[in-house]
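# What the coordinates show
So the chains spell out like this:
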Amino acid sequence: MPEQQAGLDISRVRRIVEAALEEDGARCDVTTKALVPPDQRGTGAIIAKAGGVVAGLSVASEVYAALDAGVSFAPSVADGDSVSPGDVLARIDGPLASLLSGERVALNFLQRLSGIATATRKLVEAVAGLDVAILDTRKTTPGLRELERHTVRLGGGHNHRFNLSDAVLIKDNHLAAFRERGLSVAQAVHQARRDAPEGMTIEVEVTTLDEARQAIEAAPDIILFDNMSVEQLREAVALVGGRALTEASGGVSLERVRAIAETGVDRISAGAITHSAPALDMSLEVAVGRAS
């Protein structure tokens, strides 16, 4: 079994961290090498400058572990915790040069992932008390999908399919190709059921009530209502009548999500929680010691 840390495959995390350190030239930091002697030590505190949900501490810890085994990284809170401005998230201690050279990569991961966790938590809290799940999508940062999906879970959300090999999702462009050949939504679902690996989930995206009726005939596992109004969603959910799981997507915002949930859909997928979440502001404050 792969080594795990905080629900992540740590070997993959380390590959992601190494790529980020290489991209930033962290081991060839010409400024720090020129100005900071290797024997000078420092301590630092990562401090939240905005309120939200912290995520990525385990990744930031791996940044410093990869850069210098002599750096101690001690979280003061846990991934998934809510924090307020001024809260100390972690304390670090070690060679000052390593603290400075790893700063940007560690903060980039922390700020990006904490932003996703915060955006997810806001949607989850907005639909509290309703029997609905908030899901991510594949609209993730290239190369960071595993980290971002894990972060969605920290925020209280759920994951959609990881990639194109995990489940069948018949989208509008697939259906357009089928219609060009004179075939229907129902026929697309039937063909997917026949040709996809046995037991795989079959989901179909529809944009109208007529398409929903066609989809129901073929008994998919999930029907995804894309960019429908709240009134259309309510009617579509009633039309399905529990014969498939229902999912809403498109135009999902904090202001609108509860109204969407109140239509009775089982799932709401929101690409914005990964592709548009604002980074959570934080900083590293360093105290410098004397060189020996």
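See the structure above.
Before going into details, it helps to say that this report is about the structure given with it. This structure is a prediction, so every number in the text was calculated from the model and none was measured. Residue numbers restart at each chain and count upward from 1, following the sequence in its written direction. A pLDDT threshold of at least 70 governs which residues receive local features in this predicted model, and a stricter bar of 80 or more applies before side-chain atom pairs are shown or counted, although totals over entire chains, interfaces and linings include all residues. Side-chain metrics in this entry use all non-hydrogen atoms of the structure; hydrogen atoms and water are not considered.

## Points about the overall build of the protein chain
The criterion, for reference: Helix numbers and strand numbers start at the N terminus; a helix is a DSSP run of H or I with at least 4 residues, a strand a run of E with at least 2. Here the term buried applies to any residue with accessible area under 20% of the maximum for its type, exposed to any over 50%, and partly exposed to those in between, with areas from a 1.4 Å probe on protein chains only. Two residues qualify as a contact provided that any one of their heavy atoms is within 4.5 Å of a heavy atom in the partner residue. Throughout, the Shrake-Rupley method with a 1.4 Å probe supplies accessible areas, and for residues the shown protein chains are the sole cover considered. Positive: Lys, Arg. Negative: Asp, Glu. His and the chain ends are not part of the count. Here the site of a charge means atom NZ of a Lys, CZ of an Arg, CG of an Asp or CD of a Glu.
Of regular secondary structure, the protein chain possesses twelve helices and 14 strands. Each principal axis of the C-alpha distribution contributes one length, and for the protein chain these read about 80 × 35 × 30 Å. Classification of the 292 residues of the protein chain by burial places 49% in the buried group. Put simply, 69% of the contacts in the protein chain that link residues at least 6 apart link residues at least 24 apart. For the protein chain, the accessible surface area stands at approximately 13900 Å², while carbon and sulfur atoms represent 51% of it. Charge centroids of the protein chain, computed over 30 positive and 40 negative side chains, lie 1 Å from each other.

## Quick word on the pairing of strand 7 (residues 88-95)
Applied cut-off: Paired strands, as defined in this entry, are two strands with at least two bridges between them according to DSSP.
Bridge count for strand 3 (residues 40-48) against strand 7 is seven bridges, and the pairing is antiparallel. Each residue of the ladder has a partner; that of Thr43, found in strand 7, is Asp93.

## Regarding the layout of surface pockets
Quick reminder of the rule: Put simply, the grid is 1 Å and covers the protein atoms alone, a cavity is a trapped set of points that fit a 1.4 Å probe, a pocket is an open set with protein on both sides within 12 Å along at least five of seven lines, and lining residues have an atom within 4 Å of a point. Grid points are joined across faces, edges and corners, and a volume is the space filled by probe spheres set on the points. The residue classification treats Ala, Val, Leu, Ile, Met, Phe, Trp, Tyr, Cys and Pro as nonpolar and Asp, Glu, Lys and Arg as charged. All others, Gly included, are polar.
By volume, the largest pocket is sized at about 380 Å³. Around the largest pocket sit 20 residues that line it, and Thr137, Lys139, Lys171, Ser249 and Ser269 are the ones nearest its centre. Of all the secondary-structure elements, those providing two or more residues to the lining of the largest pocket are strand 11 (222-226), strand 12 (245-249) and helix 12 (272-275). Residues belonging to the lining of the largest pocket are distributed by class as follows: five nonpolar, eight polar and seven charged. Within this model, the second largest pocket holds a volume of roughly 250 Å³. Of all elements in the fold, only helix 5 (103-126) and helix 12 reach the threshold of two or more residues within the lining of the second largest pocket. When residues of the lining of the second largest pocket are assigned to their parent elements, the largest contribution, five residues, is made by helix 5.

## Some points on helix 1 (residues 10-24)
The criterion, for reference: How far a helix is expected to stretch is found by multiplying one less than its residue total by 1.5 Å. To obtain the arc, one takes the directions from the helix axis to the C-beta atoms.
With 15 residues, helix 1 extends 21 Å between its outermost C-alpha atoms, agreeing within 8% with the 21 Å of an ideal straight helix rising 1.5 Å per residue. Taken residue by residue, helix 1 has Ile10, Val13, Ile16, Val17, Ala20 and Leu21 as its buried positions. Here the buried residues of helix 1 occupy an arc of 135° about the axis, which is enough to place them on one side. Set apart from the buried face of helix 1 by more than 90 degrees, the exposed residues are Arg15, Glu22 and Glu23. Just downstream of helix 1 lies Gly25, where phi reads positive at about 60°.

## Quick look at empty space enclosed by the protein
Counted according to the given criterion, the structure contains one cavity of 30 Å³ or more. In this structure, the largest cavity encloses a volume near 30 Å³. Leu8, Ala55, Gly56, Ser58, Val59, Asp79, Leu113, Leu147, His150, Thr151 and Leu154 together form the lining of the largest cavity. Contributions of two or more residues to the lining of the largest cavity are made by helix 3 (57-67) and helix 6 (145-154). The dominant element in the lining of the largest cavity, judged by the number of residues it contributes, is helix 6, at four residues. Classifying every residue of the lining of the largest cavity gives six nonpolar, four polar and one charged.

## Structural notes on the packing of aromatic side chains
Note the cut-off: Aromatic rings from Phe, Tyr and Trp, with only the six-membered ring used for Trp, were paired whenever their centres fell within 6.5 Å, and each pair was classed as stacked if the ring planes differed by under 30 degrees, edge-to-face if by over 60, and tilted otherwise. A ring is considered to have a charge above it if a Lys NZ or an Arg CZ atom is located within 6 Å of its centre and within 35 degrees of its normal.
On inspection of all chains with the given rule, the structure shows one aromatic pair. Its end group placed over the ring of Phe162, Arg145 keeps NZ or CZ at 6.0 Å from the ring centre. For the cation-ring pair, Arg181 lies above Phe178, with the distance from its terminal atom to the ring centre recorded as 4.7 Å.

## Here we look at the sheet that holds strand 12
The condition is simple: Here, axes are lines fitted to C-alpha atoms. For helices the fit covers the stretch in contact, and angles between N-to-C directions go from 0 to 180 degrees.
Within the open sheet, the six strands sit side by side as 8-13-12-11-10-9. Their pairing is parallel. Only two strands of the sheet have a single neighbouring strand rather than two, namely strand 8 (133-135) and strand 9 (168-170). Between one strand axis and the next, the sheet turns by 25° as a mean value, whatever way the strands run. Direction of pairing for strand 8 relative to strand 13 (residues 267-269): parallel, over a ladder of three bridges.

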